[in-house]
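Geometric and topological summary
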Amino acid sequence: MRKITEFALLAVLAAGGVQAQAPEANLVHPSKMVFEPLDFDLPEPERHELPNGLVIYIMEDRELPLISISASIRTGAYLEPEGKEGLAELTGAVMRTGGTEALSGDEIDEKLEFVAASAETAIGISEGSASMSVLEKDFETGFTIFADVLRRPRFDPRQIELRRNQMLEAIKRRNDQPGDIVSREYRRITYKGHPYARISTATSVKSLTRDDMVKFHKDNFHPNNMVLAVSGDFDRKEMLARLEKGLGDWEKTATPNADPAEVPLTYDPTVYLIQKEIPQTNVRMGHLGVAKGHPDYFALQVLDNIMGSNGFISRLMREVRSNRGLAYSVGSSIQGGRVRGTVMAYTQTKVESTHETIRLMKEVMEGLEKNPPSEKELQVAKDSILNSFVFQFTSVEQVVSQKANLEFQHLPPDWLEKYRDGIAATKVEDVLRVAREHLHPEKMTVVVVGNPAKFDKELKELGLPVVERPLETFD
Amino acid sequence: MHGDPIRSALLALALALGPAIPLQAGRLEGKVKTHVLKNGMTFLLLERKVSPTLGFYMRFKVGSVDEHAGIGGTAHLLEHMLFKGTHTLGTKDWEAEKVVLAKIDSAGEELDRLKLTGGDAAKIKQLEEDLKKLQDEAKPFVVKDEIDEIYSINGGVGFNATTDQDLTSYMISLPKNRFELWSRIESDRMLHPVLREYYSERDVIEEERRMRVDADPEGTLFEQFQATAFQAHNYHNPTIGWMSEIERLSKQKVEEFRRVYYAPNNVVCAIVGDFDTPVVIELLERYFGPIPSQDLPRPPTVIEPDQLGERRIIVKQDSNPLYLVGFHKPCLPDRADYVFDVINTLLSSGRSSRLYKRLVKEERIAAATDTFSSFPGTRYPNSFGAMAVPMGADKIDACEKSILAELDRLKTELVPAQEFEKVVNKLEAGFLRSLDSNSGLAENLSYFQAVAGDWRYIDQHSEVIRTIKPEEIQEAAKKYFTDKNRTVAIMLKEEAPAAATSSTAATTTTTPGGGAQ
C-alpha cells in the first residue's frame, strides 16, 4: 500500500469552535476555508501472469457478494481485411449470442439471466472487450460460460443472421441522429487513410461468412492477447486457482496481435458541410494530436482543462455558453491512446448562430496562445485535476480495471502517479509550449451538420475551403 | 441539466423514472440514519468508508408537474439559475450589482412583454440595445461561475443538477475533508441565491431543448407521446417547456417559484461516504438550521380522467421508424405499481425477455425492444409502455401486433414460477449492484425518500415483489392493457419533398392501421 497525500490547498482545520447561527456578514468565503489534509492509501492490485501469457490483475472486495471480471483484448476493426468491414463487430457480438460448444445462445441467455448474471463480448474499432458480472454464489455458472464464450464459441448461423440483420438495420439508421453523423464523419476525415477511418457498409456486412468469423476469432482470441481484471467477493488464492483451471490450458499464440499502426501527422484545414434540415447545427472541429505515452500529454491535459474539458471552468464554456448563451453543450477534448488521438472541440447551436459560434470557438482556441493562461487559470486547472485524483480510486473494481488497462496500453504501472506528478509540475510556459506545438486552430478540420439555408453567414466566411460532403447511405 | 452528459431521450427518461431499485431485506436498515432539522429539512446519512469521498444528493420536491400553462420550463430554468451564485458567491459587490440587476430585470420584462404583444419594432430594437448595455454594466461585478470553480479546485466531481416532472435534484461528489465546504455553499444557495445572467441562460435552455427534442427524433416522439396520453394532468407537458414558453419565461415568476417551493421542509438530502455522523450533524444544524421553514402550496389538483378510447398519433421526422405504445397506470404506493415493475422486467430485461425473444429473435421484425414504467413521472398516476425498433416501415404493424399479443398473454396465461423467480432475482441483483457507489446510494436513498416518503421503500420493495401472485399480474394486465387505455405513437420517415407527389397516392395504404383490439 502506498500513501498519497493530497495536494491540499490549505492547512489544518481549526478545532470545531461552535459558532452561533451564521448571519450572512459572518459567512466565510470558501477560498478562506481550511481543510484537513487528505491522506489516502492507493490500493494496489496484484499482477499474475500464467505460463500461456494471460495477464491477470486481481483484488478482493468483500463489501458485496458480487464478482466481476473484465478483459481487454488486443483486437479490433483495425485488423479487418479490406472489404470485410463489420467483421470485428459481428464476430464480437455473436461470440456471445451464438452459443458455445456446450450451450446454445438461448440456453446461455436463460441460464445467465435467471441468476441475474451477465457475460458480454464486443469488438470495437481499436480494442475488444469481454466482461462478466455475477453474484458470488453463481460464479461457477457464470465463469464456465464466460470461459467458453471466449474459447469455444459456436457461431450458430441463425444467430449470425440475426445479428447481421440488426447491423444492417443500424446502418440504415446511421443518419437519424445529427450527433452520430458528426462524430462519425469527424473520425473518418481525421483518420483518413488509417484503419480508424473505416466503416462498414451493407455490402461489406452482407459479404461476411461464418468462416470469416471463425477465422477472426481463431486469429484474435488468445491468452497472450489480453489482460484480465478480476475483483469481488472471493479468496484470492482460490480465485487464481480457478482462473488457471479454466484458462490455463488455453494455447498461446506465436503471433500476438500488433497494436494499430501509428497515424502520420497530417492536417486538413477544410470545412466539411453535411446537409440536414435540423433547427440546431452540430459541429465538431479539430485535428490529430498525440498518443497517451507522449511526454507532452500531461501538459496537454492542463491545456485542455483550461480550454474546454472542465465545464464551466473552461474558456469555451465560459465564452460560448455562459457569456453568450449560444450553446448548451460546448467543450473540447484532447485525448490519446496507443496511437495519436485528436485535439477536438464540439458544440451544438441553433442554425442562426452557426457561423458566429464556430468563429467564436476558433477565437477562443487561438486565444490560448494570444491570451495565455494566467497563473490563476493554471492553478485552477491543476487543483481541479489533482484534488479530484482520489476519484480514480473509489471502488476496487475501478482500481483493478484501471491497472489492467494501463498494461493493455503499454503504459507503466505507475502511470497514474506519473500523471499526477506531471500535472503538478506543469507551468504556464509548458502549457504555452505544448499549445504552440500541438494546437493549431487555423489547421482544424471543421465538420458541420446542419441546414445552410438558415445559417447566419455562409461557411466560406470562416476563411477555409468549404466542401459539401454528401450524407452517405453506406449501401 | 446544468452540464453534461448528452444522452438519448430514452436513457434520460429512464433515469428520470428512478431506478427500479429492489433490494434484499435488511440491506440498508440500521445503516441509514435519518436526521430532520427543526425546519423540516430531512437528511439521510449513510457512513461508508470504502473510499475517502462523499456523495451528496439533494432533492427538492418540486418539478415541472408543479407548473401551469404558460410557465412550463420554470422549474428547470430555476435549476440552471441556482448555479449563478449567491450574495457572497459569484459577485464582487452584491450591493452595487443588485442595483444594475434590478434595471436588467425591468428592461427584460418589458422587452418580453413588447415582443409578446407585437410591440413597435423600433422600440423593441432600442430595448434590446438597452438590455445589452445594462448586461455589459453588470459584467464587471460578476465572478464567473464561481461555485463551479470552487467545487472544481476542491476536487469536486459530478457537480450537476437535474429536473424532472416530480423533483429538482442537485448532486456532487467531494473528497471527504470538504464536508463543511459543501455545507457552506449549499446552505447559501438555498438562502440567498442570485439569478444573475438570466437572459443568456434562458437562451441556453432553448439550445438544450433543441438538442434534446427539436433536433432529436426520439426525444420528439416521446414528447408527443406524453402530450397525447395525458390531456388534463401536468404530465402532459415537457419538463423543459414548450419553446414558446421558454422564450418568455419571466424572471420574476422564476424567483417566485423558488420562494414558494425551495423551502427546507420541502427538501430531502442523502449523504453517503466517509464521514462521522455526530460531526456532520453539527455542521448541518449550523448551516441549514437557520433557513426558515414555510407553508407549502397545495399539490396540483387536476386528475387525468380515464381515457375514453385509443389514441394514435403519427410523428414525422427525418429518421427511421419507431413504434411506441403506452397505457395509464397507478403510481406508487399502489400495489399495481409493484406489479408493473414485475411486468417491466419480464417483458424487456435481457435477451431471454418476452419481447426480445418474440420480436427480435423469433419473428425478426424488430432490431430492438424495450419497456418502461412510471413515465413521465413517479409521483402521480403515470404510464407503462413498450417500444420497438422495427426492421423497416413495413414491419410496424407486425411489431404492434406482437407487442399487443404479448400483453394479451399476460391476461390469459399465468406467469410460470420459474420466470417469476427470474424477475425477482433480477430486481434484487439490480439493487445489490447499486450499493457499490456513494453517489449511487445517495441517489437512490434520496429518490425514494422524496417520492415515496420513505427510503425504506427500497428495503421493502423486494419483500412486496415476492408476495405478488401470478393472478395479480393477470388482473393488472386485464385492467390496464385495454384498447381504451392505450396511446400509440409512431415515428415515420418524412417523405423528401421531391418524392411527395409520387407517394401521396401510397400514403393511405402505408399508414399503419389500428392494431389488435
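Residues numbered from 1 in each chain as written. Chains lettered and ligands numbered in written order. Predicted model: local features only at pLDDT ≥ 70, side-chain atom pairs only at ≥ 80, totals over all residues. Heavy atoms only, no water.

1. A few points about the overall build of chain B
In terms of helices and strands, chain B carries 19 helices and 11 strands. Computed over C-alpha atoms, the radius of gyration of chain B comes to 25 Å, within 12% of the 24 Å expected from 2.2 N^0.38 for 517 residues, which places it in the range of a compact globule. Each principal axis of the C-alpha distribution contributes one length, and for chain B these read about 70 × 65 × 40 Å. Within chain B, the proportion of its 517 residues that are buried is 62%. Pairs at least 24 residues apart make up 83% of the contacts formed inside chain B by residues separated by at least 6 positions. When the accessible surface of chain B is split by element, carbon and sulfur atoms take 55% of a total near 18800 Å². Charge-centre separation for chain B: the mean point of 64 positive side chains lies 2 Å from the mean point of 77 negative side chains. (Helix = DSSP H or I, 4+ residues; strand = E, 2+ residues; numbered from the N terminus. Rg over C-alpha atoms; globule rule 2.2 N^0.38 Å. Buried < 20%, exposed > 50% of the residue type's maximum accessible area, 1.4 Å probe, protein only. Contact = heavy atoms within 4.5 Å. Areas by Shrake-Rupley, 256 points an atom, 1.4 Å probe, with all protein chains shown as cover. Lys, Arg positive; Asp, Glu negative; His and termini not counted. Charge placed at Lys NZ, Arg CZ, Asp CG, Glu CD.)

2. Thoughts on the overall build of chain A
Looking only at helices and strands, chain A has 15 helices and 14 strands in total. For 475 residues, the compact-globule estimate of 2.2 N^0.38 gives 23 Å, and the C-alpha radius of gyration of chain A, at 25 Å, lies within 12% of that figure. With respect to the three principal axes, the spread of C-alpha positions in chain A is 70 × 65 × 40 Å. Taking all 475 residues of chain A together, the buried fraction comes to 59%. Sequence-distant contacts, at least 24 apart, represent 82% of the contacts inside chain A between residues at least 6 apart. Element-wise, carbon and sulfur atoms account for 51% of the exposed surface of chain A, whose accessible area totals about 19300 Å². Separation of charge centres in chain A, based on 59 positive and 72 negative side chains, amounts to 3 Å.

3. Regarding the confidence of the model for chain B
Residues and elements named next belong to chain B. Put simply, chain B has an average pLDDT of 91, and 91% of its residues get 70 or more. This stretch, residues 4-26, has a pLDDT under 50; its non-local contacts, to residues over four places away or in other chains, come to 58 contacts. pLDDT under 50 marks residues 499-517. Its contacts with residues more than four places away, or in other chains, come to 17 contacts. (pLDDT = per-residue confidence, 0-100.)

4. As for the sheet that holds strand E4 (residues 55-60) of chain A
All names here are of chain A. Within the open sheet, the 6 strands sit side by side as E3-E4-E8-E5-E7-E6. Their pairing is mixed. With partners counted over all chains shown, the strands left at the sheet margins are strand E3 (46-49) and strand E6 (118-123), one partner each. Direction aside, the axes of adjacent strands within the sheet are offset by 15° on average. By the bridge criterion, 4 bridges tie E3 to E4 in an arrangement that is antiparallel. Each residue of the ladder has a partner; that of Arg-47, found in E4, is Tyr-57. Against the sheet, helix H13 (residues 396-408) touches E3, E4, strand E5 (66-73) and strand E8 (226-232), its axis set at about 170° to E8. (Pairing = 2+ DSSP bridges. Axes fitted to C-alpha atoms, helices over the stretch in contact; angles between N-to-C directions.)

5. Things to note about the side chain of Gln-474 of chain B
Of note, Gln-474 of chain B is situated in helix H18 (residues 470-480). If we skip the residues at most four places from it in the chain, Gln-474 of chain B touches Leu-410, Lys-411, Thr-412, Glu-413 and Leu-414 of chain B.

6. Quick look at the sheet that holds strand E9 (residues 271-275) of chain A
All names here are of chain A. The strand order across the open sheet formed by 6 strands is E11-E12-E10-E13-E9-E14, and the pairing between neighbours is mixed. At either margin of the open sheet sits one strand with a lone partner, and together these are strand E11 (330-334) and strand E14 (466-468). Ignoring strand direction, the axes of neighbouring strands in this sheet form an average angle of 15°. Sheet topology places E11 next to strand E12 (residues 342-350); 5 bridges connect them, and they run antiparallel. Directly across from Ser-333, in E12, lies its bridge partner Met-344.

7. Considering the packing of aromatic side chains
All names here are of chain B. According to the stated counting rule, one finds 38 aromatic pairs over all chains in the structure shown. With 4.0 Å between their ring centres and 20° between their planes, Phe-60 and Tyr-262 make a pair best called stacked. In this pair, Phe-60 is assigned in strand E3 (residues 53-60) and Tyr-262 in the loop between helix H10 (251-261) and strand E6 (267-273), connecting sequence segments 202 residues apart. With relative accessibility at 3%, the residue Phe-60 sits in the buried group. When the centroid spacing of 5.5 Å and the interplanar angle of 75° are considered together, the rings of Phe-222 and Phe-375 count as edge-to-face. (Phe/Tyr/Trp six-rings, centres within 6.5 Å; stacked < 30°, edge-to-face > 60°.)

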